[in-house]
Amino acid sequence: MIKGISEALLRLLYPLLCLHCGEGLSVRGPLFCACCLEQLSLVEMKGRCRTCFRELHKGRCDKCIHRKVIIHHQIAACQAMGPANTLLKEINKGGRTCIAATAALMAYQWLETKLLLPELLIPLPTSFWHKQKAGFDVQLSLARELGKVFSIPIAPVLKTKFDRFHFLTQGEFRYRLEGRRQKGESLCDRRVLIVALEHNDDLFQQAGKELKLFFPAQMDALAFATKLD
Ligand SMILES: [Zn+2]
Ligand SMILES: [Zn+2]
């Protein structure tokens, strides 16, 4: 009897519900029910541009063939749909408990590439508004978690900076990325991996241009989610 009551209380304190469909879970701990977990699959990398991750038939897309390669591979773990989209939304609402699962999916996808492990992780800076909304630095947390999985250090050398030139010439507020030298980890001759919550070719290019100034050996980018093509 007492056990029954305490179990009921536990349920109130820790709802045993699937994050995505709200289905009851038989054990406390996992975020999703078995059914939703099955829908949580990694994006197939075959049939995507190996540089920017856009869907296509073979090799590299037109855009990438005609531009200088700065980021060698851009990869995303999941498409922003179903349970993966729920994870994305939860994180953006401040769901820190979803960070570990999200980082694990990213780690799996990286291993799928069969590329060498990076030597340094660089989180894309989280914008001021994004931080306000989530209540924490989402991309820094993701990088830290991935760092734990792979046992590699992180170097938050990218910052957002108010784009004064754009403001003066175009009259619009905009931020741009800037790489800042810092004590500790050096990027020189190392394989670096840019870590982000969402895939964004423009931001990855910007980040790559800034990081290039620190002479890394190779630059790749890994995001959790990519929008539907
Ligand atoms: Zn479910
Ligand atoms: Zn491409």
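Residues numbered from 1 in each chain as written. Chains lettered and ligands numbered in written order. Predicted model: local features only at pLDDT ≥ 70, side-chain atom pairs only at ≥ 80, totals over all residues.

## Points about helix α9 (residues 201–212)
In an α-helix, one full turn covers 3.6 residues, which means residues spaced three or four apart are oriented alike.
Now for step 1: An ideal rise of 1.5 Å per residue puts 16 Å on 12 residues; α9 measures up with 16 Å between its terminal C-alpha atoms.
Now for step 2: Those residues of α9 lying buried are F204, A207, G208 and L211. All buried residues of α9 lie within an arc of 105 degrees about the axis, which places them on one face of the element.
Now for step 3: On its buried side, α9 packs onto β1 (73–79), β2 (120–123), β3 (158–162), β4 (175–179), β5 (191–198) and β6 (218–226). (Helix = DSSP H or I, 4+ residues; strand = E, 2+ residues; numbered from the N terminus. Expected span 1.5 Å × (residues − 1). Buried ≥ 20, exposed ≤ 12 C-beta atoms within 10 Å, placed from the backbone. Arc of directions from axis to C-beta. Contact = placed C-beta atoms within 7 Å.)

## Concerning the sheet that holds β5
Now for step 1: Here we have four strands laid out as an open sheet, ordered β1-β6-β5-β2, and parallel in their pairing. In this open sheet, the two edge strands, each paired with only one partner strand, are β1 and β2. Taking the axes of each pair of neighbouring strands and ignoring which way they run, one obtains an average angle of 25 degrees across the sheet.
Now for step 2: Relative to β5, β2 runs parallel, the two sharing four bridges. Its bridge partner being in β5, I122 is matched across the sheet by I194.
Now for step 3: Contacts from helix α4 (residues 82–92) reach β1, β5 and β6, with the element oriented near 100 degrees to β6.
Now for step 4: Each of β2 and β5 touches helix α7 (residues 138–150); the most contacted strand, β5, lies at about 130 degrees to it. (Pairing = 2+ DSSP bridges. Axes fitted to C-alpha atoms, helices over the stretch in contact; angles between N-to-C directions.)

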